[in-house]
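Coordinates in review
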Amino acid sequence: MILTIDRLNKTFIANGGRVAALADVSLRVGRGEVVAINGRSGCGKTTLLLTAGGLLPPDTGTASLDGSDLYALSHDERAVERARNIGFVFQQFHLLPYLNVLENVLVPTIAGSAGGRDERADTRQRALALLRRFDLLERVGHRPAQLSTGEKQRVALVRALINRPKFLFADEPTGNLDDDNAAEVMHYITDFAAGGGGVLLVSHDRRTAMHADQSYQMEQGRLLE
Amino acid sequence: MKIWKLISREIAYRKLGFMAGLLSLTVATAVLVALAMQLRAHDLTTEQTLLETERELRAEMTQLEDRYRRIMRDMGHNVLILNREQDMAEFRRLGHPNTYLEYEDAWRLAHGEVTTLNHLLPVLQERVLWQEKKIEVMLSGIRGQVPVFTKPEFLTEDDEYRSPIVPRIPDGMADLGADIAVRLELRPDDSIVLNGQSLTVNRVHAHRGSDDDITVTVPLHHAQDILGRPGKINGIFALECVCDLDELGRIHDEVAAILPHARVYEFTSLIAPRAEVRQQAEAAHRQVVDAAMRQRDRMREGKERLAAVIVPLLALGAGLWIFLLVFNSVRERRYEIGVLRAVGFSRVKILWIFLAKAWSMGVLGGMLGVLVGLSVGLAWHGGDSAGWRLPELIDPAILLLGLLLAPVLATMAALLPAVMAARLDPALILREE
């Protein structure tokens, strides 16, 4: 298993009351596997994704990536782990508006390592290769504002993959896309899994489940088969 | 890609905010530099004015001293050097010394380290009976003034005095006092015989109302012959040049060091007024300079007080402005921060992104501020009547301060919002979607 989530619990205080965002959630994702979690807004999908991705410490339980307990690591060590082994894709893409496509793709490499001249050139070549694969080569010099929604999500996907992560977390990756673009993005995601990576995607879009090896329903912080 | 590229791209993208911060830092630094130049120009101008005032006063003092010297010279000698054994009561009674010095003593004094005396005039004076005319006269023998070699400013190229108090009397000649000339009906060029010494009347002095009216002045060697005292003198007249009453004792010390067998008799009635007048002139001089200094200090204090208020206020304003700009930037870039954290940026890297931007703003603002400040300062004072040039108006310490102040100020002002940015919870931001 590449991702092991064991009995995760996470509670938030909201409107003076306690809301269980995650209630005893356990999950396993193997190499080459795509796991989809569907559910309505507010059911705890994003909390699960962020907790599993090392961004939101749980109240109890563990999240391990390739055998490494993410929350046994310090803040900085977790940041390094995210930079090296984890990719994130968001519904709103969150591309940096002041960078062009190529630069946006290269942002995680700043976090990954200082990098020498050779390594930077290598990374750049890798980015261009990925952009070619995602049919974005003609857009490398464009800013996000000049891209279509589908292109933005593809750039976000390339950015998530630039550091050759072991695992990809996708939060509503098709939420803003039409059917064609959604299918295209899901194709790339499954393609990544086919290369040996693991994918956990959360969405209220049932179209994603069609591409998943496993899919779960989430309700009030609980994972249902 | 390097982090600097990320920062520079963001600066270029949100250039308005950056320019606003830059402007505030430029203004604060420029005002600091321009005010420092203003103070420097003020110092230079007042220093120059003071120097000119001092130069003028010194010139006036020199003129005044020349006038005193001429007045004193015209008033005659005010010091008489006598044999140490001279009984002063006898001196008073006879009207002349009755103890003697060697003529060479005057030259020893002239060659010695004497700084307090001028116009040394060796003299042999005695009251004698002019046997041929049966009248009593004061016989005075002089050989001209002995140059004080330590004071070359008084000497001609021939080591003679430039303006002697008493002119030389040629050999075989005699100057007569007015009473004698009238009584004996003598005029210049008349021949006379004085106790066997044949002489020609050189000059007849105007009536002076003193012993001079009954004095016959002859060359020293004639007097020594007439009186039978070869090589002798009984006094050395001098003009003391000490202008401070407290230092009169120095004359005694100097003379005693060279002529231990001599003593000094001072006509203090002539010394005191001179010293007093000179002291008053010096005090007036000091008052003018002190008043100018006080005025300069008052003006400088005023300008310093103004600078001490304006510069910190501007720095505070700039700091507050940058704080608000960075704080707003952190709010604006929340999702960006969240994503950067998600893709692996550490808290330190987020902190660094914001601080580096503020630091860049500060470095650029500092440099621009220094340039603007220098231009303003130069335009302000380069065209002064003094026409100060840039290197004269620049204090390198202020330039360094200007260059350092802006980056330090910007970084300090950005620190709190940058820490807030670094501490933002990426999960909280990303869940907000």
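Our subject is the structure listed above.
Structure report, in brief.

Reading the values: the criteria
Residues numbered from 1 in each chain as written. Chains lettered and ligands numbered in written order. Predicted model: local features only at pLDDT ≥ 70, side-chain atom pairs only at ≥ 80, totals over all residues. Heavy atoms only, no water. Helix = DSSP H or I, 4+ residues; strand = E, 2+ residues; numbered from the N terminus. Buried < 20%, exposed > 50% of the residue type's maximum accessible area, 1.4 Å probe, protein only. Contact = heavy atoms within 4.5 Å. Areas by Shrake-Rupley, 256 points an atom, 1.4 Å probe, with all protein chains shown as cover. Pairing = 2+ DSSP bridges. Patch = residues over 30% accessible without salt bridge, like charges linked within 9 Å, V, L, I, M, F, W, Y side chains within 5 Å. Salt bridge = Lys/Arg side-chain N within 4 Å of Asp/Glu carboxyl O. Core = buried A, V, L, I, M, F, W, Y, C linked by side-chain atoms within 4.5 Å. Buried area = accessible area lost by both parts, 1.4 Å probe. Polar contact = N/O pair within 3.5 Å; in protein donor to acceptor, adjacent residues only side chain to side chain. Nonpolar A, V, L, I, M, F, W, Y, C, P; charged D, E, K, R; others polar. Axes fitted to C-alpha atoms, helices over the stretch in contact; angles between N-to-C directions.

1. Quick notes on the overall build of chain A
Broken down by element type, chain A carries 6 helices and 10 strands. Expressed as a percentage of the 225 residues in chain A, the buried residues total 56%. Within chain A, contacts between residues at least 6 apart in sequence are counted, and of these 71% link residues at least 24 apart. A total accessible area of about 9500 Å² is found for chain A, and carbon and sulfur atoms account for 44% of it.

2. Details of unusual backbone geometry
All names here are of chain A. Despite not being glycine, His94 shows a phi value in the positive range, around 50°. Tracing the sequence through the fold places His94 in the loop between strand E6 (86–89) and helix H3 (101–112). For His94, a relative accessible area of 11% corresponds to the buried category. One non-glycine residue, Asp135, adopts positive backbone phi at about 60°. As for its placement among the helices and strands, Asp135 is situated in the loop between helix H4 (117–133) and helix H5 (149–161).

3. Focus: the sheet that holds strand E2 (residues 17–29) of chain A
Residue and element names in this part refer to chain A. Sheet architecture is open: 4 strands sit in the order E2-E1-E4-E5, paired in antiparallel fashion. The sheet terminates laterally at E2 and strand E5 (68–69), the two strands that pair on one side only. Sheet analysis places strand E1 (residues 3–14) next to E2, joined by 9 bridges and oriented antiparallel. Looking at E2, one finds that Phe12 is bridged to Val19.

4. Here's the deal with a nonpolar patch on the surface
Residues and elements named next belong to chain B. Together, Leu364, Met367, Leu368, Leu371 and Leu403 make up a nonpolar patch on the protein surface, roughly 410 Å² of accessible area in all. In terms of residue count, helix H10 (residues 347–381) provides more of the nonpolar patch than any other element does, 4 residues in total. Note that Met367 resides in helix H10.

5. A short note on the pairing of strand E11 (residues 262–266) of chain B
Along a regular strand, successive side chains alternate from one face of the sheet to the other. All names here are of chain B. Most of E11 is tucked away: 4 of the 5 residues are buried. When strand E1 (residues 79–83) meets E11, the two strands line up antiparallel, connected through 5 bridges. Bridge assignment links Leu80 to a residue of E11, and that residue is Tyr265.

6. Focus on the nonpolar core
Side chains of nonpolar character tend, in soluble globular proteins, to be buried together. With 115 residues, the main nonpolar core has Leu3 of chain A together with Leu6 and Phe345 of chain B as its most contacted residues. Ignoring any residue separated from it by four or fewer positions in sequence, one finds Leu6 of chain B in contact with Leu96, Tyr98, Leu99, Val107 and Ile110 of chain A together with Met1, Phe345 and Ile353 of chain B.

7. Quick look at the interface of chain B and chain A
Accessible area lost upon the coming together of the parts is a frequently used measure of interface size. Contacts between chain B and chain A engage 28 residues on the former and 31 residues on the latter. When chain B packs against chain A, the two sides together hide about 2800 Å² of surface, and 65% of this comes from carbon and sulfur. Between the two partners, chain B and chain A, sit 2 salt bridges. Taking the shortest distance from any N to any O, the salt bridge between Glu103 of chain A and Arg9 of chain B comes out at 2.4 Å. Viewed at the interface, chain A and chain B are joined by 7 residue pairs in polar contact (both at pLDDT 80 or more). Sorting the residues of the side of chain B that touches chain A by element identifies helix H1 (3–13), helix H9 (334–342), H10 and helix H13 (426–431) of chain B as the ones contributing at least two each. Here the residues of the side of chain B that touches chain A are counted per class, giving 13 nonpolar, 2 polar and 13 charged.

8. What about the sheet that holds E6 of chain A?
Residues and elements named next belong to chain A. An order of E6-E7-E8-E3-E9-E10 is seen for the 6 strands of this open sheet, with the pairing classed as mixed. Taken across any chain shown, the strands that pair with only one partner, and hence form the sheet edges, are E6 and strand E10 (222–224). The sheet shows a mean angle of 20° between the axes of neighbouring strands, taken without regard to direction. Taken together, the 3 bridges between strand E9 (residues 214–219) and E10 define a ladder with antiparallel strand orientation. In the sheet register, Gln217 faces E10, and the bridge partner there is Leu224. Running at roughly 155° to strand E8 (residues 198–203), helix H1 (residues 45–52) makes contact with strand E3 (34–38), E6, strand E7 (167–171), E8, E9 and E10 of the sheet. Against the sheet, helix H6 (residues 179–194) makes contact with E3, E7 and E8, and its axis sits at roughly 150° relative to E8, the strand it touches most.

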